[in-house]
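A closer look at the structure
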Amino acid sequence: MKKRGSLLVLFMSLVLLLSGCSSITVLDPKGPAARTLSDTILFSIAMMAGVLLVVYVLYVVFLVKYRGSKTKDDYMPPHEEGNKWLEAIWITIPIIIVAVLSVVTVQSTGAVEKVAAGYEDQKPLVIYASSSNWKWHFSYPEEGIETVNYLNIPVNRPIELRLYSFGPITSLWIPQLAGQKYAMSDMVNTLNLVADEQGSYLGRNSNFSGQGTAHMEFETLAMSPKEYGKWVDEVKTTASKLDETEFKTLLSTSYVGRKTFSSTHLSFSPAPGDHSDHMKHTDMENGNKEHQENKAEHPVPANPEETKFDAIPNVNPNEPLPQSPAEDSTEDIDHTSHKGK
Amino acid sequence: MKWDEFFVTGEPMIYGAMASIVLVTIAIIVGLTYFKKWGYLWREWLTTVDHKRIGVMYIISALIMLFRGGVDAMLMRAQTAVPENKLLDAQHYNEIFTTHGLIMILFMAMPFIIGIMNVVVPLQIGARDVAFPRLNAISFWLFFTGAMLLNLSFVIGGSPDAGWSAYFPLASLEFSPTVGNNYYSLALQISGIGTLLTGINFIVTILKMRAPGMKLMRMPMFTWSSLITSVIIAFAFPVLTVALALMMFDRIFGSQFFTMSNGGMDMLWANLFWVWGHPEVYIVILPAFGIYSEIIATFSKKNLYGYTSMVVSMVVISLLSFLVWAHHFYTMGQGAMVNGFFSITTMAISVPTGVKIFNWLFTMRKGKITFTTPMLYSLAFIPIFTIGGVTGVMLAMASADYQYHNTMFLVAHFHYVLIPGTVFAVIAGFHYWFPKVFGFKLNERLGKHAFWWIAISFNVTFFPLFFLGLQGMTRRMYTYSAETGFGPLNLISFAGALGLAFGFIILVYNIYYSIRYSPRETDGDPWDARTLEWATSSPIPAYNFAVTPNVKGRDALWSAKHDNQPIFDGKIEPIHLPSNSGKPVILGGVFFVFGFALVFSWWIPAIISGIAILIVLASMSFDRDHGITVSVEEIMETEKKLRGETL
Amino acid sequence: MKIDATKPLEYGSEENSNKIFGFWIFLGAEIALFSTLFTVYFVLVNRYATGPNGTELFELSGVLWETFLLLSSSFTIGLAVHSMRLGLKKPMMIFFGLTLLMGLGFLGIEITEFFTYVHEGATISTSAFTSSLFVLLGTHGAHVSFGILWGASILLQVKRQGFTLATANKSFIFSLYWHFLDVVWIFIFSFVYLKGLM
């Protein structure tokens, strides 16, 4: 009876697995965080497949064995109240399964919230990722540059994305590098990720934020530290500065394509509730007591220049620092070379 | 406001909808006038306080809403069937998935469940009606008002477009300037009050109106599930009431709860919404479990296995349902500790749910299974719902959810829970109790055809979405490029949706066919069932039972049939019934005007209709209605007629 | 309708006792509603942006009068129910009427207070704090207003019909409602005003 449906499903899933989708993005991780999640997912699928198997075997056996057409006409099913032992079994075993999964969940959640194991001693590269309708702004405070709708990162270096939004809640998601997290107008969220393989990875906003949500995709290009340094220097020499008026225009334009600037918007429009010391403090638009208290605890530095980071990424002490900036403009860097792998 | 802002314009589909609304309205009015049915409609239906008729009206409304929500779903699947499709634009697509969610959950699933509760619960406990019949009519008309208000938004003013969860700041006036989300707050508020009153009504009915001998632990499982659902309603809906009120204040009166300035907090909305929203899932799923328990026991010819653990597991689920809301936004950045807590509470729900699955399986063991249409839906439920359940456990793992959240994987999961869980259940219940209400069965052959179409197409539609999610396709995307590779699976899904639609067409045709051709029954117990509702005749007389039943154990009718324990050992006495009232439907109408005026911030009509609401309520308070009394002779006559005996 | 003479009139029939039981459940839902509003208030209480905070806004004298009136009215409605059980129509009506009058007095002070707030520049749109304050107080105030209208209609019915199953039942249910509003006010008084003034 119902087997027809189940067979069809099995058949379909096989077809799906074997044909078109040989690479399932989420299960094709290119960084430690995404790898932890991929392993967690595969582990839970295996556990759940076991549960499904038990239910399906009992289901098929009972359906085949006790169908009315097979039993005698005068067969009278017995009255059964239940069975303590059986019920104890199907309470205990699920509790054990849930306990195992809980441990896995707590561990893996803790792991992906922190800097990935093996990368703790490196200073993370801080990038502010903010969304506005309907685009992504990436500000690199250390380098003093900003991009729109594309993100370049060095491989094998922990990246600390600080997420917030100039409008509706969005969610930044680069499935091959890490899980997603919300960007909101009221607070800054931190997303830790590392790319351990060079390549181009699709990132997007996964949380519905209005008409342009479907178009809020961006390319994440993981490049060697050397190439990355070169790119940063190019941007600093060739791209124009981002001033407040231009930023306001940018915010109110729905679709802008890629943009590159040699300064960030953080100086005149800082992240909400931000009290990291290297930032300049201006009055919060969304004033609340907590923010004001934070400001009291972390007063504006007398000379903001003092606390500024140098622009040199602290990647690998053995690797030579990036040399003189290249002559090419930023636009000429080949973003497509890594595509289609 | 200009007229072209008032009516939604510029889309052929909208004009089509307007034209069909006008045509259908004219057709109904002309038809009623031509067949002289206005009086009948008013006397027998619109003013009724009879729980069975109110139940039928709930179910009819739910079926209409199923059609509306289904059309939304078809449009969504059609739009995403191929990459870069131009069938709908972004705004339109956003409105459609928003109303699809709202209508299916609040105006289809819940009223369908409440409709079945209305028809069945008083019968199962041997009561004459619900505790407060007139309040019950008010509940229905408030629900109906809310449903109509939301549907009206499609052609007047524009539908809500921020998703059914209406996250702020997206749903604020700044980012959603149309009146769509005003409709959202008012339509849900009005129908929500109705639902809250239903919850209170059924708690009192079940706790205080049971027939002699119907102890709590003798109640049929569907009644148990209705009781627990009503308790969840009573405690969850006030939270929605507050959330919607704050939303309305933000949008219409300029308050600052969820805004981006002056201290507003967008995350507060998400919390309030899901504190109601997750229990809401159990409000629609627990009665479904109850329906399956009745049907599986009946068609296995066995009593329900593990009755006590079934009850306990529902109580545990209802308690846990209030402790899991944050799993809807693990990605909001509340840290690993909080996420860990909510992961564990969420996964814990799988334990009592698993208990229920095994109890159903063991009810069938050693049984004598017959494959009727309601049983087929119940049997399909077990394997399909288990997929929904195990993927739910996977989603409950906070870390993994960082990869599933907002994707088609999630969409596949909750459709795998809600369609086999709730939709199959209400269809199964519809087929199962149809002969009780109308006195004839739905055609089995057509019913089984519809079942196979629906069950198989459901899997074809939603199984591919699991893979689309893992490939990175997010929900609520009106379009995608061909390079993403999402195309083929979406096309398969669309094909499945067509199959589902065809299945539902057969189902509706079956209703028509059976009304015309199905043989009428005189027995009252066509399925050889076990519980009290089958002990009275079908269709059911207004007073339900001529003699108040005397219950001596679980499965009262079954023991009456097999152990020779008579249920009706009393004498026929005159029966007191409440009389009909037109005031509930008038109250609904006034609420409609009030809601509509507030949507557009028309203050004077809003104030006038607000005062009118108070006047109607006051006039109800002054009513001195003593009901009607049915005499012994009348009862005897009705009983004879129902048994098919000629007078 | 069977009247059970062993019980007070308001519980005198099955329908009556169902109504009282149903109303208790309704009050349970009301507790959920006010708990949510209090939660919202506590979450937003420090988010007063550029507007005033509680310490700057609240003045104790009016609030004390409000508390005095509402607590006394809770007492008089208790006396009204007591008189009803003794079958004393006139005292019952007097106490009931006093209750409603004190409710009106409470409302009057509350409305004046709202005007003062607005005058001081704290409107519903000033900040998240003022929004939550106005909605919490306003919801309670709306309950009181509705209660006054409802109570007046019950009083009229008692006057016309005397003590019947229906009127006794309604009066008793109204007293439950009124006590409930009093309890909510005590929470508002302690956790909004006193805490805000500290």
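Per an unreviewed UniProt entry, the recorded name for chain C is Cytochrome aa3 quinol oxidase subunit 3, and the organism is Paenibacillus macquariensis. In its Sequence similarities (unreviewed entry) section, the UniProt record describing chain C reads: "Belongs to the cytochrome c oxidase subunit 3 family." Heading Subcellular location (unreviewed entry) of the UniProt record for chain C holds this comment: "Cell membrane".

Within an unreviewed UniProt entry, the label attached to chain A reads Quinol oxidase polypeptide II, and the organism entered is Paenibacillus macquariensis. As recorded by UniProt, the Subcellular location (unreviewed entry) comment attached to chain A reads in full: "Cell membrane". According to the UniProt record, the Catalytic activity (unreviewed entry) comment for chain A is "2 a quinol + O2 = 2 a quinone + 2 H2O".

**With respect to the overall build of chain C**
Check the secondary structure of chain C and you find six helices and zero strands. Helices and strands appear in chain C in the N-to-C order α-α-α-α-α-α. Principal-axis analysis of the C-alpha atoms places the extent of chain C at approximately 65 × 30 × 25 Å. When the 198 residues of chain C are sorted by exposure, 56% land in the buried category. A total of about 8600 Å² of accessible surface is found on chain C, and carbon and sulfur atoms cover 72% of it. Taking the average location of the 11 positive side-chain charges in chain C and that of its 12 negative ones, the two points are 14 Å from each other.

**Some details on the interface of chain B and chain C**
With 34 residues of chain B in contact, the opposing surface of chain C contributes 36 residues. Across the chain B/chain C interface, buried area totals approximately 2900 Å², and carbon plus sulfur atoms make up 74% of it. Inspection of the chain B/chain C interface yields zero salt bridges. Where chain B touches chain C, the interface holds nine residue pairs in polar contact (both at pLDDT 80 or more). Only α7 (180-208), α8 (221-252), α9 (266-300) and α20 (603-622) of chain B provide two or more residues apiece to the side of chain B that touches chain C. Residues of the side of chain B that touches chain C, tallied by class, amount to 23 nonpolar, nine polar and two charged.

**Quick look at the pairing of strand β4 (residues 150-154) of chain A**
Residue and element names in this part refer to chain A. With five of five residues buried, β4 lies mostly within the body of the structure. Burial along β4 is two-sided: Y150, N152 and P154 and L151 and I153, pointing in opposite directions, are all buried. Bridge count between β4 and strand β10 (residues 217-223): five bridges; the pairing is parallel. Residue pairing across strands places P154 opposite M223, the latter belonging to β10.

**Side note on the pattern of salt bridges**
Pairing is possible between side chains that carry opposite charge, provided their charged atoms lie close to one another. Summed over the entire model, instances satisfying the criterion amount to 27 salt bridges over all chains. The partner of E80(A) in a salt bridge is R365(B), with the nearest N and O atoms 3.5 Å apart. Of this pair, E80(A) sits in the loop between α2 (32-65) and α3 (84-113) while R365(B) sits in the loop between α12 (350-364) and α13 (373-396), each in a different chain. Classification of E80(A) by relative accessible area gives buried; the value is 13%.

**Examining the nonpolar core**
With 355 residues, the main nonpolar core has L161(A), L172(A), W269(B), W360(B), L361(B), M364(B) and I382(B) as its most contacted residues. It is helix α5 (residues 90-124) of chain B that contributes the most residues to this core, 22 residues altogether. Setting aside residues no more than four positions away along its own chain, L161(A) makes contact with I127(A), A129(A), L151(A), L172(A), N189(A), T190(A), L191(A) and L193(A). Of all hydrophobic cores here, the second largest spans seven residues; its members include Y543(B), I575(B), L577(B) and I635(B).

Parameters and conventions
- Residues numbered from 1 in each chain as written.
- Chains lettered and ligands numbered in written order.
- Predicted model: local features only at pLDDT ≥ 70, side-chain atom pairs only at ≥ 80, totals over all residues.
- Heavy atoms only, no water.
- UniProt positions renumbered as here; feature names shortened; annotations may be inferred.
- Helix = DSSP H or I, 4+ residues; strand = E, 2+ residues; numbered from the N terminus.
- Buried < 20%, exposed > 50% of the residue type's maximum accessible area, 1.4 Å probe, protein only.
- Areas by Shrake-Rupley, 256 points an atom, 1.4 Å probe, with all protein chains shown as cover.
- Lys, Arg positive; Asp, Glu negative; His and termini not counted.
- Charge placed at Lys NZ, Arg CZ, Asp CG, Glu CD.
- Contact = heavy atoms within 4.5 Å.
- Buried area = accessible area lost by both parts, 1.4 Å probe.
- Salt bridge = Lys/Arg side-chain N within 4 Å of Asp/Glu carboxyl O.
- Polar contact = N/O pair within 3.5 Å; in protein donor to acceptor, adjacent residues only side chain to side chain.
- Nonpolar A, V, L, I, M, F, W, Y, C, P; charged D, E, K, R; others polar.
- Pairing = 2+ DSSP bridges.
- Core = buried A, V, L, I, M, F, W, Y, C linked by side-chain atoms within 4.5 Å.

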